[in-house]
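Notes for the structure review
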Amino acid sequence: MGELVRSVKVLLAEDLDMIRGALVALLELEPDLRVVSSVSRADAVLPAALRSRPDVAVLDIAMPGGDGLAAAKALHEQLPDCRTLILTAMGQPGTLRRALRARVGGLLFKDAPAEQLAKAVRAVAAGRRYIDPHLVLAAWDSEENPLSPRELEVLRFAAQGADAAEIAGCLYLSKGTVRNYLTTIVTKLNARNRVDAVRIATEAGWIP
């Protein structure tokens, strides 16, 4: 008799029911992969993983209840033996950098072919890193972040809807200094206004 192949236990997190069901079905077609849990929210990932003890967690980067990278961080802290593979719908230049900072094992486009998803899961389960080549090219071609750490801090607060007075209070700055920072940020990013600056920095992955 041939040697039995150990199944890789997979947790899948995706908020859209139809896509989640399709991904589960695709993974279950592979003889060496077994989906042990599937959830629709980022904050449900860790509790489900603690129950099912997956080898690999396949996480959509954008979900309610947090996001895939936050869920990956929690898994790394609580279940270090569980490796993580992030799925993304968009190849934003900063996505790869954020994923690498979060120490994920892999990053893949959500619409990748089924065989590529299975290959990525196997690679990550084996302790190797699997990054979609198109995402690598996007990161390689992207511009460097022109904002200073303090400017990024101000812009993060602005992205959360804080006005100049609130930002000043949080960062112990004067309102005039905050306004100067915001003007500099808009200029550096060649943005139309503060909202446009937030959009540009978010799409580039410079702020979460």
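To be clear, the structure that these remarks concern was listed above.
Below you will find a few notes about this structure. Just so it is clear, the structure is predicted and the values come from calculations on it, not from any experiment. Counting restarts for each chain, with residues numbered from 1 along the sequence as it is written. Reporting in this predicted model follows two pLDDT cut-offs: at least 70 for local features of residues, and 80 or more for side-chain atom pairs to be given and counted; totals over whole chains, interfaces and linings ignore these cut-offs and use all residues. Excluded from the side-chain calculation are hydrogens and water; included are all heavy atoms of the structure.

What follows covers the side chain of Ser-52. Secondary structure elements follow DSSP: runs of H or I no shorter than four residues count as helices, runs of E no shorter than two count as strands, and numbering proceeds from the N terminus. Along the chain, Ser-52 falls in helix H2 (residues 45-52). Given the relative accessible area of 17%, Ser-52 is considered buried. In protein, a polar contact means a hydrogen-donor-capable atom and an acceptor-capable atom, both N or O and within 3.5 Å, with residues adjacent in sequence counting only if both atoms are side-chain atoms; elsewhere, any N or O pair within 3.5 Å suffices. A distance of 2.8 Å separates the side chain of Ser-52 from the backbone oxygen of Ala-48, its partner in a polar contact. Throughout, exposure labels follow a simple rule: accessible area from a 1.4 Å probe, protein chains only, divided by the maximum for the residue type, with under 20% read as buried, over 50% as exposed, and the rest as partly exposed.

Once that is clear, we can look at unusual backbone geometry. Backbone geometry at Arg-53 places phi at a positive 50 degrees, although glycine is not the residue there. Within the secondary structure, Arg-53 is located in the loop between H2 and strand E3 (56-60). We note that Asn-190 has phi near 55 degrees; this positive angle belongs to a residue other than glycine. As for its position among the elements, Asn-190 is in the loop between helix H9 (175-188) and helix H10 (194-203). Asn-190 gets classed as exposed once you look at its relative accessible area, which sits at 71%.

The subject of this paragraph is the nonpolar core. Membership of the largest hydrophobic core comes to 26 residues, with the highest contact counts inside it found for Leu-11, Val-45, Leu-59 and Leu-75. Contributions of two or more residues to this core are made by strand E1 (8-13), H2, E3, helix H3 (68-78), helix H4 (93-101) and strand E7 (106-109). No other element matches H3, which puts 4 residues into this core. Membership of the second largest hydrophobic core comes to 23 residues, among which are Ala-168, Leu-189, Ala-191 and Trp-206. Grouping buried Ala, Val, Leu, Ile, Met, Phe, Trp, Tyr and Cys residues that are joined through side-chain atoms within 4.5 Å yields what is termed a nonpolar core.

Side-chain alternation along E7 places Gly-106 and Leu-108 on one buried face and Leu-107 and Phe-109 on a second face that is also buried. Bridging between strand E6 (residues 83-88) and E7 involves 4 bridges; their strand directions are parallel. Along E7, the bridge assignment pairs Leu-85 with Gly-106. Here the rule is simple: two strands pair whenever DSSP picks up at least two bridges between them. The pairing of E7 with strand E8 (residues 130-131) spans 2 bridges and is parallel. Considered in E8, the bridge of Gly-106 is made with Tyr-130. In this region the chain leaves E7, passes through helix H5 (residues 114-125) and returns to the parallel neighbour E8; the handedness of that crossover is left-handed. Think of it like this: strands point away, you trace from the first strand over the helix to the second, and a clockwise trace means the crossover is right-handed.

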